[in-house]
Amino acid sequence: MYRDRIRLPSLLNKVMSAEQAALLIQDGMTVGMSGFTRAGEAKAVPHALAQRAKVTPLKISLMTGASLGNDLDKELTEAGVLARRMPFQVDSTLRKAINAGEVMFIDQHLSETVEQLRNAQLKLPDVAVIEAVAITEQGHIVPTTSVGNSASFAIFARQVIVEINLAHNPNLEGLHDIYIPTYRPTRTPIPLVKVDDRIGSTAIPIPPEKIAAIVITHQGDSPSTVTPPDNDTQAIADHLIEFFKQEVAAGRLTNKLGPLQAGIGNIANAVMCGLIDSPFEDLTMYSEVLQDSTFDLIDAGKLSFASGSSITLSSRRNADVFGNLERYQDKLVLRPQEISNHPEVVRRLGIIGINTALEFDLYGNVNSTHVCGTRMMNGIGGSGDFARNAHLSIFVTKSIAKGGAISSVVPMVSHVDHTEHDVDILVTEIGLADLRGLAPRERARVVIDKCVHPSYREALNQYFEAACKLGGHTPHILRDALSWHVNLEETGRMLAV
Ligand SMILES: CC(=O)SCCNC(=O)CCNC(=O)[C@H](O)C(C)(C)COP(=O)(O)OP(=O)(O)OC[C@H]1O[C@@H](n2cnc3c(N)ncnc32)[C@H](O)[C@@H]1OP(=O)(O)O
């Protein structure tokens, strides 16, 4: 059944159960696992590890590409396995443990994790656990629906466990482009100058003797949870498309726009869906996660090529896309997240980065991660890799949250992920603020006029005018700047109704 997937015969005797393979992971180890936005995560070994930890407690530091599917972060948290976790997560149980101080979470730019490993700024993984569709004749590992940090984890780890997942279409082989930057100080430029360039190999090159165990699995990726666009997300998409049209009319963009990057979540997906009925043609993506909208755009003849680090689909799209992979094969590439998010490449290609904010302030500082400045939501993910280096750095959010108890536009953000210097365009369902070339006082005027929900506009206006009387390049009233957040903590609303 699986012999054609392990093409180096000397590795066939490494096949064992997940429970046996998990014994290679010991208390106190650092483990690097495949998995990026619920795609391509190792499935059986982490499950076996969690089961073992219920009987014999153990703790590890777990690194992945990004979030895991199949509730593995939940299971590992509940079993008490996670001492440290990096660089991204989206699980509500793990989120609680992080916010209770029980799991040390390192919230990191997604392009940076393996760079820090390469430079010995982080402890190297003792064991890597990588999901694969096959092992080649040379003993190299062919990843599945994500590349994430898998290649570098496998290269740096002392031992590698491979999970061959028979549920994935073997035709995924050929889709990946594994390129590993050389070491500093003699590093050469990354030779990627077009979205569809292939600069590496189709499998992860490691010495086969490092493969200590192979586990055969059959469990699919869990579907994404994106919901169809609603009126607000549609309005955000409409504002953005109108803006792109104006950029084309002004000669700053062509009708192909630029390579698009879109973050996770409902809003970013809705914005990308909005492009289906737009006048733009021959679009490309240079992104991290390829979601349903990528394939909807390809099917609509709008998108000619998509580069990502993972493919995360809803149940609606999953069987169709992976069952008909030949339809998409020449239009797709999956890269290590270090390359999909690399500042050098993002700046060179002139990417249009569209990411989601939890809140932003009068001057354009963006908080993507911390509710009321303290409680972690998911993490910065790749948004910072793109925001600082993009041709256009765009942040989108609904103007209010929790039924209007929260304004997403506040006097001062309670945590800063993206500084005002990294943010060009802000969009809510109310409108779009173009902050390019504006000084802080000008930015505040545009943000209030274009983005704030009517029920908060007057209060924000009053704050800004009072702050301007006190003076300053970026006027604030320090005593009041976070008062909306304090009100939210104390009364459940940012402002009394
Ligand atoms: C892996 C990657 O790197 S992808 C690339 C980019 N990565 C990132 O941008 C990472 C940071 N971004 C994110 O984590 C997400 O995009 C978020 C959390 C900011 C938004 O997620 P979305 O699903 O698009 O938006 P949505 O409006 O549904 O909000 C999600 C939740 O946050 C809540 N929320 C939104 N704004 C606020 C706020 N200002 N304060 C408190 N809660 C808020 C919403 O009410 C919702 O809560 P619920 O799940 O209980 O209903």
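Residues numbered from 1 in each chain as written. Predicted model: local features only at pLDDT ≥ 70, side-chain atom pairs only at ≥ 80, totals over all residues.

A word on the UniProt feature "active site" (unreviewed entry) in the protein chain
Here is step 1: UniProt records the feature "active site" (unreviewed entry) for Glu288 in the present numbering.
Here is step 2: As for its placement among the helices and strands, Glu288 is situated in the loop between strand E10 (283-286) and strand E11 (289-290).
Here is step 3: Judged by local crowding, Glu288 falls into the buried class, with 31 C-beta atoms found within 10 Å.
Here is step 4: If near-sequence neighbours (up to four positions away) are discounted, Glu288 is found in contact with Leu110, Gly308, Ser309, Ser310, Gln337, Ser340, Asn341 and Gly382. (UniProt positions renumbered as here; feature names shortened; annotations may be inferred. Helix = DSSP H or I, 4+ residues; strand = E, 2+ residues; numbered from the N terminus. Buried ≥ 20, exposed ≤ 12 C-beta atoms within 10 Å, placed from the backbone. Contact = placed C-beta atoms within 7 Å.)

Considering the nonpolar core
Here is step 1: Grouped together as the largest cluster of nonpolar side chains are 149 residues, with contacts concentrated most on Ala154 and Val271.
Here is step 2: At eight residues, strand E5 (residues 127-135) tops the list of elements feeding residues into this core.
Here is step 3: Lining this core are residues from two domains, each supplying at least three of them: domain 1 (3-217) and domain 2 (231-491).
Here is step 4: Those residues in contact with Val271 that lie beyond four places of it in its chain are Ile236, Ala237, Leu240, Ala262, Ile354 and Val396. (Core = buried A, V, L, I, M, F, W, Y, C linked by C-beta atoms within 7 Å. Domains from an automatic or database assignment.)

Remarks on the environment of Asp422
Here is step 1: Position of Asp422 among the secondary structure elements: in the loop between strand E23 (409-410) and strand E24 (425-427).
Here is step 2: Between the alpha carbons of Asp422 and Phe386 there is a distance of 9.3 Å; along the sequence they are 36 residues apart.
Here is step 3: Setting aside its immediate chain neighbours within four residues, Asp422 contacts Ala387, Arg388 and Ser393.

Observations concerning the sheet that holds strand E16 (residues 359-361)
Here is step 1: Read across the open sheet, the three strands follow the order E17-E16-E23; overall the sheet is mixed. Each of the sheet's edge strands pairs with one partner strand only, and the pair in question is strand E17 (366-367) and E23.
Here is step 2: Pairing of E16 with E17 involves two bridges; the strand directions are antiparallel. Within E17, the position partnered with Phe360 by the bridge is Val366. (Pairing = 2+ DSSP bridges.)

Description of the site of the ligand
Here is step 1: With respect to spatial proximity, 28 residues lie near the ligand, and among them Gly263, Gly265, Thr356, Asn378 and Gly381 are the closest.
Here is step 2: Here the shell around the ligand is built from residues that sort into twelve nonpolar, twelve polar and four charged.
Here is step 3: Structurally, the shell around the ligand is a two-domain feature, drawing no fewer than three residues from each of domain 1 (3-217) and domain 2 (231-491). (Near = placed C-beta within 6 Å. Nonpolar A, V, L, I, M, F, W, Y, C, P; charged D, E, K, R; others polar.)

Some remarks on the domain arrangement of the protein chain
Here is step 1: Taken domain by domain, the protein chain holds domain 1 (3-217) and domain 2 (231-491).
Here is step 2: For domain 1 versus domain 2, the separation of C-alpha centres amounts to 29 Å.
Here is step 3: Listed per partner, the contact involves 43 residues of domain 1 and 41 residues of domain 2.
Here is step 4: Residue assignment for the side of domain 1 that touches domain 2 shows that the elements contributing at least two residues are helix H4 (92-99), helix H5 (113-118) and helix H6 (150-156).
Here is step 5: Partitioned by chemical class, the residues of the side of domain 1 that touches domain 2 number 20 nonpolar, 16 polar and seven charged.

Focus on helix H9 (residues 292-299)
Here is step 1: Burial analysis of H9 places six of its eight residues in the buried class, which makes it a mostly covered element.
Here is step 2: The secondary structure elements touched by the buried residues of H9 are helix H8 (266-274), E10, E11, strand E12 (303-308) and helix H10 (315-323).
Here is step 3: Immediately downstream of H9, the backbone of Gly301 shows phi near 75°, a positive value.

Examining the UniProt feature "domain: Acetyl-CoA hydrolase/transferase C-terminal" (unreviewed entry) in the protein chain
Here is step 1: In this numbering, the UniProt entry assigns the feature "domain: Acetyl-CoA hydrolase/transferase C-terminal" (unreviewed entry) to residues 322-463.
Here is step 2: Secondary structure content for residues 322-463 is 28% helix and 24% strand, and the end C-alpha separation is 52 Å.

A look at the packing of helix H14 (residues 440-451) against helix H15 (residues 454-470)
Here is step 1: Two elements in contact, H14 and H15, have axes whose closest approach is 10 Å; the angle formed by their N-to-C orientations is 165°. As far as their axial angle goes, H15 and H14 are roughly antiparallel. Of the two elements, H14 crosses H15, and the hand of that crossing is left-handed. Between H14 and H15, the residues in contact are Arg441, Ala444 and Ile448 and Arg457, Leu460, Asn461, Phe464 and Cys468, respectively. (Axes fitted to C-alpha atoms, helices over the stretch in contact; angles between N-to-C directions. Parallel < 35°, antiparallel > 145°, perpendicular 65-115°, else oblique. Left-handed = near helix turned anticlockwise from the far one by under 90°.)

Quick notes on unusual backbone geometry
Here is step 1: Here the bond from Met86 into Pro87 is cis, since omega is 0°, no more than 30 degrees from zero.
Here is step 2: Among the structural elements, Pro87 can be located in the loop between strand E3 (82-86) and H4.
Here is step 3: For Cys372, which is not glycine, the phi torsion reads 50° and is therefore positive.
Here is step 4: With respect to the element layout, Cys372 can be found in the loop between strand E18 (370-371) and strand E19 (375-376).
Here is step 5: Despite not being glycine, Lys402 shows a phi value in the positive range, around 50°.

Looking at the packing of H8 against H9
Here is step 1: The contact between H8 and H9 brings their axes to 9 Å, and the two run at 5°. In terms of their interaxial angle, H8 and H9 are classed as roughly parallel. In contact with Asn269, Met272 and Cys273 of H8, H9 contributes Asp292, Ser293, Asp296 and Leu297.
Here is step 2: Here the contact of H8 with H9 is composed, by residue class, of three nonpolar, two polar and two charged.

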